[in-house]
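# Structural characterization, general
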Amino acid sequence: MANLGTRIYTRFKGRLVGKDADGRCYYEARTANRTGGGLTRHERWVIYHKGEDASVVPPEWWGWLHHVDEAPLPESARQPWQIPYPGNRTGTVDAYHPPGSDYRGGRRAASTSDYEAWVPEG
Amino acid sequence: MVKVTVDGIVVDVPNGSSALQACEAAGKEIPRFCFHERLSVAGNCRMCLVQVVRAPKPVASCGFPVAEGMEILTDTEIVRKARRAVMEFLLINHPLDCPICDQGGECDLQDQAFGYGADHSRYQEAKRAVKDKYLGPLVKTVMTRCIQCTRCIRFATEIAGVPELGAVSRGENMEVTNYVEKALTSELSGNLIDICPVGALTSKPYAFTARPWELKRTDSIDVSDAVGTNISLQVRGSAVLRAVPRVNDAVNEEWLADKGRFSVDGLKHRRLDRPWVRVHGKLQAVSWQDAFVAIGRRLDGVPGDRIGAIAGDLCDAESMLALKDLMVALGSPNIDCRQDGADYDLSQRAYYTFGTTIAGIEDADALLVVGSIPRQEAPVLNARIRKRFLAAGRGGFPIGLIGTPTADPTYSADVLGEGPDVLAALRDGTHPFAATLKAAKKPMIIVGHGALTRPDARAILASAWALAVETGAIGAGWNGFNVLHRAASRVAGLDLGLVPGKGGRSAAGMMSGGVDVLWLLGADEFHTAQIGPKTFVIYQGHHGDAAAARADVILPGAAYAEKSGTYVNTEGRVQRSFRAVMPPGDAREDWRILRAFSEVVGHTLPYDTVEVLRERLATVNPVFRVIGGLDAVDAAALPGPSDGGAVLPAPFRPVFDDYYQTDPICRASPTMGECSRIYVHPRTVAAE
């Protein structure tokens with residue numbers, strides 16, 4: 001959820017372009033109010049759900065939001081083998097830990113640099 | 001000298017040189033597979049074809065003798081076409097398995113195919129496949145890759161002196177084989193891997209481990225024997241993956257003994273990587289500080305002459321000097337680097353070094369070996385003796401052995417007897433070999449540790465020196481008196497005076513209750529039961545061997561690959577190695593441990609850097625100032641070692657029974673363990 005200033009700004013300046021699969025709202029300024037990429041263009045922004053970070057923008061909207069594309073990719077372009085985009089999982093329980101990470105027991109695969117330490121018998 | 005023109009460059013080469021040597025003298029690189037500088041010329045790969053003006057066809061330069069005024073062309077269209085054709089023939093039967101071949105990246109065939117190979121193959125027929133041969137636990141064979149250069153056959157026959165490899169069939173069907181399926185019985189078999197120009201013979205322990213371009217190379221010195229073989233340690237990450245020889249014509253030519261080459265995997269096993277202290281009879285892992293404090297407490301109130309130190313066989317000169325300085329600071333005269341109980345006369349360096357020098361063997365014309373088996377104690381040096389033996393021709397280099405040879409020496413030698421009584425017989429001329437020695441212009445005598453580890457070592461040494469003087473082995477411009485050491489640290493230890501001081505005890509005296517606190521610097525070659533039960537033992541070393549299990553405090557040190565060290569070989573040649581990897585865990589360089597401990601007991605040693613320590617080395621003995629060189633010694637001017645009394649009649653014993661299990665590193669090495677099982681104890685394997 002956006003803060004109060006953003007909500008007022010959106011109300012007066014913004015035009016709702018669309019919503020992504022998760023319901024985030026994407027806005028564009030009604031007038032060409034920003035310079036970027038060598039030209040004056042319409043500012044584009046997104047209002048996230050509460051507690052989200054910037055990595056949750058799905059690939060369909062990411063290009064449009066960063067002025068790469070003129071329009072977002074349609075939902076129909078999505079292939080059946082594409083899994084839903086989850087955003088950055090770092091710091092969550094779903095975070096990826098490589099083999100040998102302390103979060104996975106800390107037992108990495110053997111390497112040629114390993115040595116076997118001597119321990120006294122008994 | 002003969003004047004030859006190579007591509008318009010006029011060079012002078014000695015008579016009898018080959019066209020290939022003339023081309024090398026002119027700076028022209030000639031591709032070759034079968035030709036090797038240190039082997040006989042075979043001339044069967046045909047890759048070295050060059051054009052000789054007025055010769056009808058291209059000639060194989062490796063076997064073509066030069067003649068006065070000869071004009072050689074190495075880079076004409078005819079030569080290039082001929083070499084391309086040879087390469088195409090070689091590649092007909094060579095498999096395209098470079099991606100899975102261990103030679104990839106250091107393969108002569110790969111490199112030369114880059115220059116002379118075609119971009120496609122015209123060959124449509126089936127390729128030849130050859131059954132792999134078993135050559136033992138060290139050399140892996142993929143015989144389909146063999147290009148039949150016969151280098152391995154010539155190496156085994158000429159250098160190693162074990163004619164176990166040969167070829168059967170002819171033409172395309174020729175196969176290099178060992179006739180009977182059994183392991184190669186040579187201590188130099190690892191050199192076959194280096195000498196093979198393709199991937200037919202590769203290292204078995206190193207198979208599929210790394211690629212040459214991944215490896216970091218560090219110059220080092222082999223410590224598995226006292227020859228001081230120059231090696232290059234090849235490292236990836238923090239592991240030494242292999243050791244290969246470096247060329248040093250004065251020491252090892254380009255060979256390396258199997259123990260030095262294949263024991264490097266011992267550096268990854270049974271490593272001491274943290275200090276241990278025995279508390280209530282059990283060893284407990286502690287910090288460095290606690291270990292030092294434990295030793296300091298035990299040393300408190302112990303008089304200097306109840307403290308002793310023994311340096312082992314793999315130590316570098318720096319750590320031995322630090323140990324000696326520490327013992328002097330603690331007021332102890334008990335220090336020894338001779339854990340095998342050997343005895344020498346230390347008044348002159350010529351009495352305990354290999355005076356002829358290794359390269360000097362090639363000038364000798366008679367040899368007497370006393371109480372030594374050079375093939376096992378110094379395989380690379382033995383190859384030099386064999387080289388001399390072959391070069392001298394039949395009867396040109398008579399060799400006599402005193403002792404019990406346990407292996408074929410690889411040259412024909414007369415066993416003159418088993419004990420020191422033969423020396424006496426040689427001196428009074430009653431033995432027929434005495435006349436041979438006298439007739440020789442440059443005879444040499446090698447005294448080994450089979451003789452020097454006896455109680456009558458001094459007497460044998462003196463009588464061998466006297467024999468050398470009487471037979472002319474010591475004379476103007478020739479020093480034929482040699483002591484062959486087997487421990488890499490020994491000569492450095494003797495040079496630094498790591499022998500008991502006035503009133504001090506020797507290694508045996510220290511162990512049998514002569515001291516209360518015993519500091520072992522990598523000393524492991526004795527039965528720990530010899531150490532008295534009351535003795536407080538400090539073991540400083542890199543491998544957990546028997547002595548570590550006996551120790552009360554263990555200080556983890558660095559193995560030879562993990563420190564920059566100075567080593568002195570049996571000739572007295574000072575050589576330096578560099579650090580290839582870091583010591584494991586908490587282990588530290590040995591001289592640093594001793595320096596740190598000296599501060600704890602309040603006798604801080606006066607060196608903080610290795611440079612200062614090396615300056616001190618040179619102060620203690622100026623020989624450490626010259627790295628790699630040797631000063632000539634006028635042995636004839638020396639009075640000879642002092643006589644030590646009566647000679648015992650007992651026969652000379654071999655220095656060790658098992659070539660593959662002589663130091664803590666090779667005892668920890670799985671490869672050396674397997675060699676020991678296959679070569680030394682084959683019976684027990686067969687019985688199981």
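Residues numbered from 1 in each chain as written. Chains lettered and ligands numbered in written order. Predicted model: local features only at pLDDT ≥ 70, side-chain atom pairs only at ≥ 80, totals over all residues. Heavy atoms only, no water.

Time to look at the sheet that holds strand β19 (residues 414-417) of chain B. Residue and element names in this part refer to chain B. The sheet built from 5 strands is open, its strands ordered β19-β18-β17-β20-β23 with parallel pairing. The open sheet has two free edges, formed respectively by β19 and β23 (481-483), since each of these has just one partner strand. Taken over all neighbouring pairs, the strand axes of this sheet differ in orientation by 20° on average, direction set aside. In the sheet, strand β17 (residues 366-370) pairs with strand β18 (residues 399-402) via 4 bridges, with the strands oriented parallel. Bridging across to β18, Leu368 finds its partner in Gly400. (Pairing = 2+ DSSP bridges. Helix = DSSP H or I, 4+ residues; strand = E, 2+ residues; numbered from the N terminus. Axes fitted to C-alpha atoms, helices over the stretch in contact; angles between N-to-C directions.)

Let us look at the nonpolar core. All names here are of chain B. One finds Val4, Ile72, Phe155, Leu381 and Ile385 to be the most contacted residues of the largest nonpolar core, which totals 94 residues. Here this core gathers at least three residues from each of two domains, domain 1 (2-92) and domain 3 (355-484 + 632-656). Apart from residues no more than four positions distant in its own chain, Phe155 is found in contact with Leu39, Ala160, Leu188, Asn191, Leu192, Ile195 and Trp255. Judged by nonpolar contacts, the second largest core, of 81 residues, contains Leu299, Ala342, Ile402 and Leu467. (Core = buried A, V, L, I, M, F, W, Y, C linked by side-chain atoms within 4.5 Å. Buried < 20%, exposed > 50% of the residue type's maximum accessible area, 1.4 Å probe, protein only. Domains from an automatic or database assignment. Contact = heavy atoms within 4.5 Å.)

Two quantities define a packed helix pair, namely the angle between the axes and the distance from one axis to the other. Residues and elements named next belong to chain B. Packing of helix α4 (residues 151-160) against helix α10 (residues 379-392) leaves a shortest axis separation of 8 Å and a crossing angle of 90°. When the axes of α4 and α10 are compared, the pair comes out roughly perpendicular. Together, Thr157, Glu158, Ile159 and Ala160 of α4 and Ala383, Arg386 and Leu390 of α10 make up the contact between the two elements. (Parallel < 35°, antiparallel > 145°, perpendicular 65-115°, else oblique.)

At the interface, 22 residues of chain B touch 10 residues of chain A. For the pair chain B and chain A, the summed buried area comes to about 1200 Å², and 57% of that belongs to carbon and sulfur atoms. Here chain B is connected to chain A by 0 salt bridges. Broken down by secondary-structure element, the contributors of at least two residues to the side of chain B that touches chain A are β12 (239-245), β14 (282-285) and α17 (546-550) of chain B. (Buried area = accessible area lost by both parts, 1.4 Å probe. Salt bridge = Lys/Arg side-chain N within 4 Å of Asp/Glu carboxyl O.)

UniProt's entry tags residues 215-271 of chain B with the feature "domain: 4Fe-4S Mo/W bis-MGD-type" (unreviewed entry), counted in the numbering of this structure. Secondary structure across residues 215-271 of chain B comprises 9% helix and 35% strand; the distance between its end C-alpha atoms is 23 Å. (UniProt positions renumbered as here; feature names shortened; annotations may be inferred.)

To continue, consider the domain arrangement of chain B. Partitioning chain B into structural domains gives domain 1 (2-92), domain 2 (276-344 + 506-624) and domain 3 (355-484 + 632-656). The centre of domain 1 of chain B, based on its C-alpha atoms, is set 43 Å off from the matching centre of domain 3 of chain B.

Residues and elements named next belong to chain B. Evaluation of the coordinates by the stated rule reveals 16 aromatic pairs over all chains. Where Trp288 meets Phe292, the ring centres are 5.6 Å apart and the plane angle is 50°; that geometry is what we call tilted. A residue pair is termed a helical-turn pair when its members lie 3 or 4 positions apart in one helix, as Trp288 and Phe292 do in helix α7 (residues 288-299) at 4 residues. The buried category is assigned to Trp288, whose relative accessible area is 16%. Judged by its relative accessible area of 6%, Phe292 falls in the buried class. The interplanar angle of 65° and the centroid separation of 6.5 Å between the aromatic rings of Trp591 and Tyr607 together place this pair among those described as edge-to-face. Residue Trp591 is located in helix α18 (residues 590-600), and its partner Tyr607 is located in the loop between α18 and α19 (610-620); the two are separated by 16 residues in the primary sequence. Judged by its relative accessible area of 1%, Trp591 falls in the buried class. Among the aromatic residues, those joined into a ring-pair cluster are Trp288, Phe292, Trp519 and Phe597. Note that Lys259 overlies the ring of Phe656, its terminal NZ or CZ placed 5.2 Å from the centroid. (Phe/Tyr/Trp six-rings, centres within 6.5 Å; stacked < 30°, edge-to-face > 60°. Lys NZ or Arg CZ within 6 Å of the ring centre and 35° of its normal.)

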